[in-house]
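One-letter residues, chain by chain:
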Amino acid sequence: MKALIKGIGILMLGISLHVQAYPGMQKQAPQAADDSRVNLIKVLPQTFPITPVAFKDAKGNPTDFSQYKGKVVMVNMWATWCPPCVRELPAIARLEKKFSNDDFVVLPISIDRNGKEKVAPFLKSMGMENFTTYYDSTQELGEVFPLDTIPATFILNQKGELVAYVRTFVDWDADKAKELIQSFIKP
C-alpha cells in the first residue's frame with residue numbers, strides 16, 4: 001500500500017510539473033515594480049551595417065529599411081502565437097506616439113505564416129485594428145536578424161545601422177525606454 005501511495009504521489013508531482021498551456025508559461029521570478037527590462041537592451045559598442053532585406057506592408061508591397069534612412073528605426077519581430085510579443089504590442093504602439101515621425105519610426109513585423117490573413121483579425125480582437133504592422137511570413141529577415149527568439153527588437157540609427165537590440169519583451173511604456181530611444185535620436 002505504501003508503494004502505491006508513493007507511486008501516485010510521484011505521478012501527481014510529475015503531472016503538476018509538466019502541465020503548461022503553451023511555451024513561455026513557466027513561472028517567472030518576481031520582478032520589482034519598476035523593473036521595465038529596458039536594462040536588457042544591449043547597446044552595441046559600435047554600429048553594425050544592415051543589408052536591406054525586403055518585407056511586406058499591409059498591401060503586400062515590398063519595403064525595406066533603406067526607405068527609413070534619416071530616422072531611428074525600431075524593428076520589432078513578433079507573432080500572434082507568442083504571448084510575450086502580444087504583451088508588448090500595446091506599449092510599442094504607445095511608444096511610437098511619444099516621438100515625431102520625422103525622427104523615429106516603429107516597424108512591427110509579424111512572422112506569422114498566414115500574414116495579414118491571420119494578423120488582421122487578431123489585432124482587431126485586441127482592439128488594435130489601427131495598429132500598423134508589416135509582414136515577413138517567410139522570415140527573409142532571418143538573413144540579417146536572428147529570429148529564433150521572439151519578441152526581438154532591433155534599433156537602427158539614422159544611417160540604417162544596428163545600434164541596439166533585445167531578444168525578449170520590454171516594458172516600452174517605461175520612462176527609461178523613452179530616454180533610450182531619445183538618446184539615439186539626439187546623440
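In case you missed it, the structure is sitting above this.
Now for a look at the structure at hand. (Residues numbered from 1 in each chain as written. Predicted model: local features only at pLDDT ≥ 70, side-chain atom pairs only at ≥ 80, totals over all residues. Heavy atoms only, no water.)

Another aspect to go through is the nonpolar core. Grouped together as the largest cluster of nonpolar side chains are 33 residues, with contacts concentrated most on Phe65, Val75, Met77, Leu141 and Phe145. It is strand S4 (residues 72-78) that contributes the most residues to this core, 4 residues altogether. Ignoring sequence-local partners within four residues, the contact set of Val75 consists of Phe65, Leu107, Ile109, Phe145, Ala152, Thr153, Phe154 and Leu156. Membership of the second largest hydrophobic core comes to 22 residues, among which are Val72, Ala91, Ala174 and Ile185. (Core = buried A, V, L, I, M, F, W, Y, C linked by side-chain atoms within 4.5 Å. Buried < 20%, exposed > 50% of the residue type's maximum accessible area, 1.4 Å probe, protein only. Helix = DSSP H or I, 4+ residues; strand = E, 2+ residues; numbered from the N terminus. Contact = heavy atoms within 4.5 Å.)

This part is about helix H2 (residues 83-97). Of all the bends in H2, the greatest reaches close to 35 degrees and is centred on Leu89; the proline Pro90 follows between one and four positions later. Inspection of H2 places Cys85, Val86, Glu88, Leu89, Ala91, Ile92, Ala93 and Leu95 among the buried residues, and these make up the whole buried set. Contacts from the buried residues of H2 go to S4, strand S5 (104-110), helix H3 (115-125), strand S7 (152-156) and helix H4 (175-185). (Bend = angle between axes of the 7 residues up to and from the residue.)

Moving on: the layout of surface pockets. By volume, the second largest pocket is sized at about 260 Å³. If you trace the second largest pocket, you find 13 residues lining it, with Ala93, Glu96, Asn130, Phe131 and Thr132 closest to the centre. Among the elements that take part in the lining of the second largest pocket, H2 stands out by supplying 4 residues, more than any other. When grouped by side-chain class, the residues that make up the lining of the second largest pocket number 8 nonpolar, 3 polar and 2 charged. (1 Å grid on protein atoms, 1.4 Å probe; cavity = no way out; pocket = protein on both sides within 12 Å on 5 of 7 lines; lining within 4 Å. Points joined across faces, edges and corners; volume = space filled by probe spheres on them. Nonpolar A, V, L, I, M, F, W, Y, C, P; charged D, E, K, R; others polar.)

A separate point is the pattern of salt bridges. Where charged atoms from two side chains of opposite charge approach closely, those side chains can pair. Tallied over the full model, the rule gives 2 salt bridges. Salt-bridge contacts for Asp173 lead to Arg94; the nearest nitrogen and oxygen are separated by 2.5 Å. Here Arg94 lies in helix H2 and Asp173 lies in the loop between strand S8 (161-166) and H4, a separation of 79 residues in the sequence. For Asp173, a relative accessible area of 28% corresponds to the partly exposed category. Judged by relative accessible area, Arg94 falls into the partly exposed class, the value being 41%. For Asp148, the salt bridge goes to Arg167, with nearest N and O atoms at 2.0 Å. Remark: Arg167 occurs in the loop between S8 and H4 and Asp148 occurs in the loop between strand S6 (134-135) and S7; sequence separation between them is 19 residues. (Salt bridge = Lys/Arg side-chain N within 4 Å of Asp/Glu carboxyl O.)

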